[in-house]
Amino acid sequence: MNGHGGGVSSGSGDVEEKHVSTGSKAAEEKHVSSESKAVEEKYMSTESKAAEEGRDHDVLLAAVWPVTEWYRENKRDLPWRKQTDAYHIWVSEIMLQQTRVEAVKSYYARFLEALPNVKALAEVDEDRLLKLWEGLGYYNRVRNMQKAARQVMDVHHGEFPRTYEEIRALAGIGNYTAGAVASFAFGIPKPAVDGNVLRVVSRLLCSDEDIMKAGVRQRFEREIEAVIPSEAASDFNQGLIELGALVCVPNGAPKCGECPLGGTCLAREKGCQEKLPVKKKAKERRIEKRTVFIFRDGHAVAIKKRPEKGLLAGLYELPNISGHLDGEEAIAYSKSIGLTPVRVKVLGAAKHVFSHVEWHMIGYEMLVDELEKNCSDRMIFAEDGELEGKYPIPTAFSAYADLAKGNGRGR
Ligand code: ADE
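Every chain begins its residue count from 1, and numbering advances along the sequence as written. Per-residue local features are limited, in this predicted model, to residues with pLDDT of at least 70; the limit for side-chain atom pairs, both in listing and counting, is 80 or more; totals at the level of whole chains, interfaces and linings are taken over all residues.

**Observations regarding the overall build of the chain**
Link 1 in the chain: Starting at the N terminus, helices and strands are each numbered in turn, a helix being any DSSP run of H or I of at least four residues and a strand any DSSP run of E of at least two. When helices and strands are counted, the chain shows 18 helices and seven strands.
Link 2 in the chain: Any residue whose C-beta has 12 or fewer other C-beta atoms within 10 Å is treated as exposed, any with 20 or more as buried, and any in between as partly exposed, C-beta atoms being built from the backbone. For the chain, with 411 residues in total, the buried portion stands at 33%.
Link 3 in the chain: The contacts in the chain between residues at least 6 apart in sequence include a share of 69% that link residues at least 24 apart. We call two residues in contact when the distance between their C-beta atoms, placed using the backbone, is within 7 Å.

Written out as structure tokens, the structure is:
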């Protein structure tokens, strides 16, 4: 308010110009009163914001021990919870960002058996690494894991770093993964806010802010960090995640009757738990039509390596082209690369959803003579068993790759 008076007397700037231009006393009063109202609102909103933050803090603080104790009594017996090795936890957390807990179990066991430590991950050849990841998707994540493993070897002499900042500095590790590894492995009181935690906190605080916004996640991180108990960081963080997975569930009604926070949850108090969290839809995905080919002879199936950059970079694929080709067009394409089919089979349609694009696919299986000799396109000719054991083929192709893997057997 005082600042406003100072502006008038200074004889310069916006405030004085406004006074001059309003002219009449009435206008001037109106101007002053609306300005002071704005200041008051600002003041009020700052005050109510502070009150809201104080309330959020109290609600979160009151949740700490109920969540921690609930977790200790109710946690699932999961393979990555049997130890506190940072490498094991890291592997599990990256996999859990890709798929469901049940699906992760077998990937986790297989990955750790093949690559039991950071050194093994740093040194493994890329095709083998991608093969271990086949089916999990987001292959750049595992490529980043290898980069991070090499950083650990080079910068940390092979020992997984033990501070939050050093963990956060590794390739592909963001706030969530750094917080999870730091707190689960080393008990460091840093937050690990994933989708489960966003949902739990959004309901607990009855927040109608969009949890897809980075600013909302950052605020939740700050608010959680302020209450994490240093003597139970791991169990508290895991408790929030577990509560989101088992009780404060995403689809359908949350199981408020089983929740250790039933008495303090603001959404439950207001009856709006099923409307939260607010999660605005991401931009619509682009749809791409593709035609996929299984070119085979009695020995092999043709595959290609994808470019080193872009979608599914460096993985292997069945030959495919843009658009939906009818039978004649498919045969013409086949001939254009030197392959005259002796038999053509129309395969069913399949769809694969990536984060920004959907592939709507149709397919043809073409039986040809002497595949390798006649094919003029650059392809790899995978023999019996090699599609299963050697070449990582992304899930996007699995509807057709599963047929190709039969490699003519039993036909
Ligand atoms: N989701 C993310 N991290 C998890 C964990 N450690 N256990 C179970 N579910 C999870």
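**Digging into the site of the ligand**
Link 1 in the chain: Defining nearness, a residue is near a molecule or strand when the C-beta atom obtained from its backbone falls within 6 Å of it. The full set of residues close to the ligand is Leu78, Glu93, Leu96, Val101, Asp194, Gln238, Ile241 and Ala245.
Link 2 in the chain: Every element with two or more residues in the shell around the ligand is listed here: α4 (86–96) and α13 (233–246).
Link 3 in the chain: Ranked by residues supplied to the shell around the ligand, first place goes to α13 with three residues.
Link 4 in the chain: Throughout this entry, Asp, Glu, Lys and Arg are counted as charged residues, while Ala, Val, Leu, Ile, Met, Phe, Trp, Tyr, Cys and Pro are counted as nonpolar. The remaining residues, Gly among them, count as polar. When grouped by side-chain class, the residues that make up the shell around the ligand number five nonpolar, one polar and two charged.

**What to know about the pairing of strand β1 (residues 286–296)**
Link 1 in the chain: A strand pair is defined by DSSP finding two or more bridges across the two strands. Summarising the sheet, β1 and strand β6 (residues 357–368) pair through 11 bridges and their orientation is parallel. Residue Phe293 lies in a different strand from β6, and its bridge partner there is Tyr364.

**Quick word on the packing of helix α7 (residues 126–133) against helix α8 (residues 139–155)**
Link 1 in the chain: Helix axes use the C-alpha atoms of the stretch in contact, all axes being lines fitted to C-alpha atoms, and the angles between their N-to-C directions lie in the range 0 to 180 degrees. For the pair α7 and α8, the least separation of the axes is 10 Å and the interaxial angle reads 130°. By the angle class used here, α7 and α8 are oblique. For α7 against α8, the interelement crossing comes out right-handed. Between α7, through Leu129, Leu130 and Trp133, and α8, the contact on the second element is made entirely by Tyr139, Val142 and Gln146.
Link 2 in the chain: Looking at side-chain class alone, the contact of α7 with α8 contains five nonpolar, one polar and no charged residues. Relative orientations are named as follows: roughly parallel for angles under 35 degrees, roughly antiparallel for angles over 145 degrees, roughly perpendicular for angles from 65 to 115 degrees, and oblique for any other angle. Should the near helix be turned anticlockwise from the far one by less than a right angle, the crossing is left-handed, and should it be turned clockwise, the crossing is right-handed.

**Some remarks on the nonpolar core**
Link 1 in the chain: The term nonpolar core refers to a set of buried Ala, Val, Leu, Ile, Met, Phe, Trp, Tyr and Cys residues connected through C-beta atoms within 7 Å. Membership of the largest hydrophobic core comes to 92 residues, with the highest contact counts inside it found for Val67, Val181, Ile294, Phe295, Val301 and Leu318.
Link 2 in the chain: Per-element accounting of this core gives the leading share, seven residues, to α4.
Link 3 in the chain: Taken domain by domain, the makeup of this core includes at least three residues from each of domain 2 (79–270) and domain 3 (286–405). Segment limits for the domains were obtained from an automatic or database-derived domain assignment.

**Here we look at the confidence of the model for the chain**
Link 1 in the chain: By definition, pLDDT measures how confident the predictor is in each residue, and it falls between 0 and 100. Of all residues in the chain, 88% attain a pLDDT of 70 or more, and the chain-wide mean is 88.
Link 2 in the chain: Note on residues 1–37: pLDDT under 50 across the span, and 16 contacts to partners over four residues away in sequence or across chains.

**Thoughts on the environment of Ala169**
Link 1 in the chain: With respect to the helices, strands and loops of the structure, Ala169 is situated in the loop between α9 (164–168) and α10 (175–186).
Link 2 in the chain: The class of Ala169 is partly exposed, set by 14 C-beta atoms lying within 10 Å.
Link 3 in the chain: Each C-alpha atom, one on Ala169 and one on Ala148, is 8.9 Å from the other, the two residues being 21 residues apart in sequence.

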